[in-house]
Amino acid sequence: MSLVQETDYGTPASRAAESVTLTIDGQAVTVPAGTSIMRAAMELGTKVPKLCATDSVESFGSCRLCLVEIAGRPGTPASCTTPVGEGMVVATQTERLKQIRKGVMELYISDHPLDCLTCAANGDCELQDMAGAVGLRDVRYGYDGENHTRQAKDESNPYFTFDPSKCIVCSRCVRACEEVQGTFALTIQGRGFDSKVSAGAAEPFVDSECVSCGACVQACPTATLSEKSVIEIGTPEHSVVTTCAYCGVGCSFKAEMRGDELVRMVPYKDGKANRGHSCVKGRFAWGYANHRERILKPMIRETIDQPWREVTWEVAIGRVASEFKRLQAKYGRLAIGGITSSRCTNEETYLVQKLVRGGFGNNNVDTCARVCHSPTGYGLKTAFGTSAGTQDFDSVEQSDVILVIGANPTDAHPVFASRMKKRLRQGAELIVIDPRRIDLVRTPHVEARYHLPLRPGTNAAILNALAHVIVTEGLVNEAFVRDYCDRDAFEHWAAFVAEPQNSPESIGLIAGVSAEAIRGAARLYASGRNSAIYYGLGVTEHSQGTTAVMALANLAMATGNLGRPGVGVNPLRGQNNVQGSCDMGSFPHELSGYRHISDDATRDMFEKLWGRPLDAEPGLRIPNMFDAAIDGTFKGIYVQGEDILQSDPNTRHVQAALAAMECVVVQDLFLNETANYAHVFLPGSTFLEKDGTFTNAERRINRVRRVMAPRNGMADWEITLAIARAMGFEMGYGHPSEIMDEIARLTPTFTGVSYDLLEKVGSVQWPCNEKAPLGTPVMHVGGFARGKGNFMITEYVPTDEKVGPRFPLLLTTGRILSQYNVGAQTRRTDNVVWHHEDMLEIHPHDAEERGVRDGDWVKLDSRAGGTTLRARITERVAPGVVYTTFHHPETQANVVTTEYSDWATNCPEYKVTAVQVSPSNGPSEWQREYAEQAEHSRRIAAKVAAE
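Rules used throughout
Residues numbered from 1 in each chain as written. Predicted model: local features only at pLDDT ≥ 70, side-chain atom pairs only at ≥ 80, totals over all residues. Heavy atoms only, no water. Pairing = 2+ DSSP bridges. Helix = DSSP H or I, 4+ residues; strand = E, 2+ residues; numbered from the N terminus. Contact = heavy atoms within 4.5 Å. Axes fitted to C-alpha atoms, helices over the stretch in contact; angles between N-to-C directions. Parallel < 35°, antiparallel > 145°, perpendicular 65-115°, else oblique. Left-handed = near helix turned anticlockwise from the far one by under 90°. Buried < 20%, exposed > 50% of the residue type's maximum accessible area, 1.4 Å probe, protein only. Right-handed = clockwise from strand over helix to strand, strands pointing away. Phe/Tyr/Trp six-rings, centres within 6.5 Å; stacked < 30°, edge-to-face > 60°. Lys NZ or Arg CZ within 6 Å of the ring centre and 35° of its normal. Salt bridge = Lys/Arg side-chain N within 4 Å of Asp/Glu carboxyl O. Arc of directions from axis to C-beta. Polar contact = N/O pair within 3.5 Å; in protein donor to acceptor, adjacent residues only side chain to side chain. Core = buried A, V, L, I, M, F, W, Y, C linked by side-chain atoms within 4.5 Å. Expected span 1.5 Å × (residues − 1). Nonpolar A, V, L, I, M, F, W, Y, C, P; charged D, E, K, R; others polar.

Q: Just to check I follow, could you spell out the sheet that holds strand β14 (residues 336-340) for this structure?
A: Pairing between sheet strands relies on hydrogen bonds along the backbone, with the strands arranged either parallel or antiparallel. An order of β13-β12-β27-β26-β25-β14-β15 is seen for the seven strands of this open sheet, with the pairing classed as mixed. Whereas interior strands pair on both sides, the edge strands pair on one side only; in this sheet they are β13 (309-310) and β15 (365-367).

Q: I would appreciate a short explanation of the environment of Trp834 in the present structure.
A: Among the structural elements, Trp834 can be located in the loop between β31 (809-814) and β32 (839-842). Taking the C-alpha atoms as reference points, Trp834 and Ile816, 18 residues apart in sequence, are found 9.7 Å from one another. Excluding residues within four positions of it along the chain, Trp834 makes contact with Asn157, Pro158, Tyr159, Val206, Ser212, Val280 and Ser818.

Q: Can you help me understand the packing of helix α8 (residues 313-331) against helix α25 (residues 716-726) in this one?
A: A packed helix pair is summarised by two numbers, namely the angle formed by the two axes and the spacing between the axes. Where α8 meets α25, the axes come as close as 9 Å, and the angle between the chain directions of the two elements is 50°. Taken together, the axis directions place α8 and α25 in an arrangement best described as oblique. Viewed along their axes, α8 and α25 form a crossing whose handedness is right-handed. Listed contacts from α25 to Trp313, Ile317, Val320, Ala321 and Lys325 of α8 are Ile719, Ala722, Ile723 and Ala726.

Q: Quick question: what am I supposed to make of the environment of Trp308 here?
A: Within the secondary structure layout, Trp308 lies in the loop between β12 (299-300) and β13. Contact partners of Trp308, with chain neighbours within four places excluded, come to Met299, Ile300, Arg301, Leu671, Ala675, Ala678, His679, Val680 and Phe681.

Q: Sorry if this is basic, but what is going on with the pairing of β14 here?
A: Note on strand geometry: in a regular strand, side chains alternate between the two faces of the sheet. Taking burial as the measure, the five residues of β14 include five buried ones, the bulk of the element. Every second residue of β14 is oriented toward a common face, with Ile336, Gly338 and Thr340 on one face and Gly337 and Ile339 on the other, all of them buried. When β14 meets strand β25 (residues 636-640), the two strands line up parallel, connected through four bridges. Considered in β25, the bridge of Gly337 is made with Ile637. Sheet analysis places β14 next to β15, joined by three bridges and oriented parallel. Bridge assignment links Ile339 to a residue of β15, and that residue is Asp366. With helix α9 (residues 346-360) bridging β14 and its parallel neighbour β15, the resulting β-α-β unit is right-handed.

Q: Could you clarify how one ought to interpret the side chain of Thr874 in this entry?
A: Here Thr874 shows up in the loop between β34 (866-873) and β35 (881-885). Residue classification places Thr874 among the buried positions, given a relative accessible area of 14%. Those residues in contact with Thr874 that lie beyond four places of it in its chain are Glu841, Ile842, His843 and Pro844.

Q: Quick question: what am I supposed to make of the packing of aromatic side chains here?
A: Aromatic ring pairs are reported here in terms of the distance separating the ring centres and the angle at which the planes meet. If you walk through the whole model with that rule in mind, you get 21 aromatic pairs. Measuring from centroid to centroid gives 6.3 Å for Phe480 and Phe784, while their planes differ by 85°, and the two rings are edge-to-face. A residue pair is termed long-range when its members are at least 10 positions apart, and Phe480 in helix α14 (residues 478-484) and Phe784 in the loop between β30 (763-765) and β31 qualify at 304 residues. Like Phe480, the residue Phe784 is buried in the burial classification. Here a set of aromatic residues connected by ring pairs shows up, and it is made of Tyr159, Phe160, Phe162, Phe205, Phe284 and Trp834. Its end group placed over the ring of Tyr883, Arg436 keeps NZ or CZ at 3.7 Å from the ring centre.

Q: Sorry if this is basic, but what is going on with the pattern of salt bridges here?
A: Any two side chains of opposite charge can pair, on the condition that their charged atoms come close. On inspection of all chains with the given rule, the structure shows 56 salt bridges. Where Glu505 meets Arg519, a salt bridge forms, and the shortest distance between an N and an O atom there is 3.1 Å. Separated by 14 residues along the polypeptide, Glu505 in helix α16 (residues 504-511) and Arg519 in helix α17 (residues 515-527) bring together distant segments of the chain. When its relative accessible area of 42% is taken as the criterion, Glu505 is described as partly exposed. Judged by relative accessible area, which is 19%, Arg519 ranks as buried. Residues joined by salt bridges that share partners form a network here, namely Glu6, Asp124, Glu227, Lys254, Glu256, Arg264 and Arg283.

Q: Explain helix α22 (residues 622-631) to me, please; I cannot follow it from the model alone.
A: An α-helical segment advances 3.6 residues per turn. Residues three or four places apart therefore align on the same side. Those residues of α22 not exposed but buried are Ile622, Met625, Phe626, Ala628 and Ala629. Each buried residue of α22 lies within a common arc of 165° when the element is viewed along its axis, so the set occupies one face. Lining the buried residues of α22 we find β14, β15, β25, α23 (644-647) and α24 (651-660). Just downstream of α22, Gly632 is the residue with a positive phi angle, here 95°.

Q: How should the side chain of Ser239 be read in this particular structure?
A: One can find Ser239 in strand β9 (residues 238-243). The buried category is assigned to Ser239, whose relative accessible area is 6%. A polar contact of 2.6 Å, which involves the side chain of Ser239, links it to the backbone nitrogen of Val4. For Ser239, the residues in contact, after removing those within four places along its chain, are Ser2, Leu3, Val4, Lys254, Ala255 and Glu256.

Q: I would appreciate a short explanation of the nonpolar core in the present structure.
A: As a rule of thumb, soluble globular proteins bury nonpolar side chains together. Among the nonpolar cores identified, the biggest contains 68 residues, and Phe160, Leu225, Met420 and Leu430 are the most heavily contacted of them. Among the elements that make up this core, the one with the highest residue count is helix α12 (residues 414-425) (four residues). Not counting chain neighbours up to four residues away, the residues in contact with Leu225 comprise Phe160, Thr161, Phe162, Cys173, Phe205, Cys216, Val217 and Cys220. Formed by 62 residues, the second largest nonpolar core is a distinct cluster that contains Ala316, Cys582, Leu682 and Leu758.

Q: When you look at the environment of Ser36 in this model, what are you seeing that I'm missing?
A: Residue position: Ser36 is located in the loop between β2 (27-32) and α1 (37-43). A residue is classified by how much of its surface remains accessible, and Ser36, at 5% relative accessible area, is buried. Separated by 26 residues in the primary sequence, Ser36 and Gly10 place their C-alpha atoms 8.7 Å from one another. Excluding residues that lie within four positions of it along the chain, Ser36 makes contacts with Thr11, Ser79, Cys80, Thr82, Pro83 and Val84. A polar contact is formed between the side chain of Ser36 and the backbone nitrogen of Arg39, at a distance of 3.0 Å.

Q: Looking at this model, I keep getting lost on the pairing of β35. Mind explaining?
A: Counting buried residues along β35, five of its five residues qualify, which places the element largely inside the surrounding structure. Burial along β35 is two-sided: Val881, Tyr883 and Thr885 and Val882 and Thr884, pointing in opposite directions, are all buried. Summarising the sheet, β31 and β35 pair through five bridges and their orientation is parallel. Bridge assignment links Leu811 to a residue of β35, and that residue is Val882. In the sheet, β32 pairs with β35 via two bridges, with the strands oriented antiparallel.

Q: How should α8 be read in this particular structure?
A: Taking 1.5 Å of rise per residue, 19 residues should cover 27 Å, and α8 covers 27 Å from first to last C-alpha, within 8% of that figure. Once α8 ends, the next one or two residues include Gly332, with phi positive near 110°.

Q: Help me out: how do you make sense of the sheet that holds strand β28 (residues 692-695) in this one?
A: As summarised here, the arrangement of the three strands in space is β28-β29-β30, forming an open sheet in which the pairing is antiparallel. Only two strands of the sheet have a single neighbouring strand rather than two, namely β28 and β30. Adjacent strand axes in the sheet meet at a mean angle of 30°, parallel and antiparallel pairs treated alike. Direction of pairing for strand β29 (residues 700-704) relative to β30: antiparallel, over a ladder of three bridges. Looking across to β30, one finds that Arg700 is bridged to Gln765.

Q: For this particular structure, what's the right way to read unusual backbone geometry?
A: Glycine aside, negative phi is the norm for most residues, and most peptide bonds take the trans geometry. The step from Trp766 to Pro767 runs through a cis peptide bond, and the omega angle for that step is 0°. By the secondary structure assignment, Pro767 is in the loop between β30 and β31. Of note in the backbone geometry, Phe184 takes a positive phi value of approximately 60° without being a glycine. Inspection of the secondary structure assignment puts Phe184 in the loop between α4 (172-181) and β6 (186-189). Since its relative accessible area comes to 23%, Phe184 is described here as partly exposed. Positive phi values are uncommon outside glycine, yet Ser212 reaches one of about 55°. Note that Ser212 resides in the loop between β7 (196-199) and α5 (215-219).

Q: Explanation requested: the packing of α16 against α17 in the structure shown.
A: Closest axis-to-axis distance for the α16/α17 pair is 8 Å, and the angle between their directions is 115°. You can see that α16 and α17 cross each other, and the crossing is right-handed. Contacts between α16 and α17 involve Pro504, Glu505 and Gly508 on the former and, on the latter, Ala515, Ile518 and Arg519. Each residue belonging to the contact of α16 with α17 can be placed in one class, and the counts come to three nonpolar, one polar and two charged.

In structure tokens, the structure reads:
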């Protein structure tokens with residue numbers, strides 16, 4: 001194996017439709033108009049020397065190395081900034097150019113440390129390469145004069161070092177921060193000889209606005225910005241392309257290795273979801289794979305108050321099978337079930353639901369998508385006929401109006417957010433509907449035209465008000481509705497939204513938003529040439545989550561914003577394989593491809609291939625499993641890669657349910673909160689240790705490739721196979737590719753998917769079948785999957801969670817950039833530098849009323865329970881609203897959230913909880929006990945790992 005090599009063309013590609021033919025060094029080449037001479041030369045395989053140019057940023061023309069000669073023109077223009085012309089004759093290598101380049105390189109080297117043999121970039125340094133390329137063998141200038149070779153390093157960032165003594169002030173890092181990431185954290189300070197790269201106002205990197213996305217490190221042509229892992233381990237010698245296991249963007253990375261040790265994760269330029277960009281999590285936060293607390297051997301115990309006992313895989317799997325068999329013999333076939341993981345591969349989630357249906361003989365299978373995006377599946381399928389977003393991520397580049405509702409892309413989906421911000425900087429208009437003033441409302445060179453800071457729980461109402469304006473002001477796209485939508489459903493819906501109770505004036509009083517702002521936002525969305533909707537958990541995690549998803553679909557259909565690039569209804573999925581886990585049939589009522597279990601023909605297909613009869617009745621959802629456990633009828637559960645005790649609402653209820661079960665099996669990397677109630681712990685494998693696929697938020701099926709051997713001895717798919725075998729259900733796969741072949745045979749939208757295809761084309765978006773052999777980037781072109789688009793009545797029904805004298809504030813929750821979900825992975829990396837505890841955001845007015853100062857401990861109480869955490873006073877939240885994250889188990893934010901849920905899918909209403917905030921002296925007694933217990937567990941895990 002060797003390092004995956006990627007071609008750097010020096011400047012971005014031109015998108016011009018017209019072509020230009022020119023001659024470079026005697027060879028003719030035809031390229032799109034607007035292409036730089038440098039890129040045209042590279043198309044021929046001619047590498048023009050360069051230092052300031054790279055194809056991830058716009059050309060700059062500062063290094064003066066890429067000079068060329070053009071017949072009939074005076075001078076030596078920079079090839080990176082000079083566009084091609086018809087009939088142009090270019091020379092890239094003449095005696096004149098050689099002398100100029102050598103002189104330029106002499107100046108660079110005369111102000112650069114000559115420590116190549118001990119430099120971390122030795123062999124991977126463009127300055128070194130260019131010195132060789134121009135034939136520099138001697139430097140005429142001495143090192144006695146003033147220079148920059150003795151400047152202090154900035155090692156404040158936990159992941160990379162900034163060594164200004166090696167900086168050539170090419171500005172590539174600054175431009176990457178601006179153009180690729182869109183943070184504008186870096187600048188060139190000073191002028192002339194005093195010019196230098198600076199993070200913020202000459203701050204250390206860790207204290208600046210830098211978000212550690214790695215774009216600057218990736219762009220740096222020298223060792224100025226270097227990963228600490230490369231400095232410590234050495235230069236990687238081979239790499240494997242795989243897919244990130246964090247959020248739903250699904251970034252492709254090159255896992256670069258030395259032997260079996262991971263050195264760094266480098267964003268893959270050919271990754272169609274990320275286009276060579278990354279965030280702090282995917283780029284740097286992979287250290288959890290080797291964390292000392294990771295459990296690598298199976299463990300069992302008779303009761304949850306006993307200590308864990310290490311056993312062999314054979315003993316552990318045998319215990320799981322014998323206990324599940326015992327429970328079914330004693331309590332009946334329906335007494336056990338399973339939960340699939342949205343962090344595992346498609347193949348692994350498919351196997352778990354197959355185990356439950358074929359091995360357990362019931363449909364008691366669910367997935368963590370239940371508590372995040374299940375309303376997306378229900379709502380979009382009802383409206384369009386498919387349970388997924390409509391566009392690819394590239395689509396945002398053609399949007400003219402972007403509506404973001406209930407999502408915080410810069411924190412939760414940062415790589416896609418960078419692409420969105422770039423489009424906004426180019427002139428697209430932005431509407432933000434969110435209770436908080438998220439970063440997108442106003443960030444460098446981006447400002448929302450409208451921010452509607454609605455009261456939590458009023459999404460459906462505000463969307464009906466937008467629809468009211470569109471219908472009553474004649475903004476409906478009548479041609480689209482006539483050609484592609486059910487006319488009767490539209491007329492019924494239009495009459496409903498036109499009613500006075502849905503007017504901005506009426507809804508504004510309910511939602512706390514001005515009628516003028518609602519009307520302006522509606523007009524802007526409806527009048528855009530291409531208007532796109534992006535939404536997240538702030539839409540779905542409500543008692544009217546499904547209603548709001550349908551309301552978004554109504555808006556898109558009414559304005560004709562479907563079926564082409566730049567438009568659509570786009571859910572931003574939270575975890576890496578939420579879409580895939582749903583696609584694979586992880587819900588209790590659906591088989592893969594979203595086909596109902598009661599459909600005889602569909603069920604017959606599966607029964608014939610699996611050789612097992614399947615129950616036609618839907619099984620239990622996760623909340624139903626908990627209720628049945630407390631009632632005494634549900635006794636055993638297999639939880640694959642999901643910490644339900646920390647992530648599900650009303651923690652005390654979940655605790656009671658788990659405590660009532662006789663066999664809880666947890667398969668995970670670490671002893672998580674759920675494992676406190678487990679009887680069998682099966683150590684899981686990381687994404688680096690397995691083969692498979694993930695499906696991201698744009699329906700893109702991406703390969704996950706094994707980088708190293710599983711440290712626990714088995715990949716997750718092999719563990720599920722072993723359980724099935726012990727249960728008497730032999731599946732018989734030798735590789736995950738065989739599982740995908742079966743998925744393709746049984747799932748219409750995956751018919752054309754195979755590992756061979758993915759190897760050839762990189763990735764595909766379902767549907768991928770005979771009609772679309774290379775996948776479907778944009779859905780519903782020329783019509784909907786269900787036939788005619790279906791408008792649904794979306795009546796606003798206030799949540800049962802009401803504020804009052806006891807609980808006068810509304811709590812909503814969300815995520816932060818540096819942490820991920822319940823923090824099991826990111827808390828075990830240096831990302832804790834930026835976020836080591838959950839804090840409660842509270843408006844200054846509400847804080848003053850309660851005598852709370854910034855940083856004070858406060859008690860947060862609801863009808864379900866209470867917890868304590870520190871307060872952060874900020875105007876990002878409106879008066880009457882408080883906000884916190886849920887990344888740290890010490891906070892136990894879900895002790896506070898209630899069991900209210902979406903009417904259609906039981907998705908919990910995390911975003912609306914009536915609370916009271918009061919001063920506190922510090923952590924509560926149970927939190928102190930938890931901290932002691934957690935520390936004890938950490939010591940045990942460390943001891944087990946050491947042994």
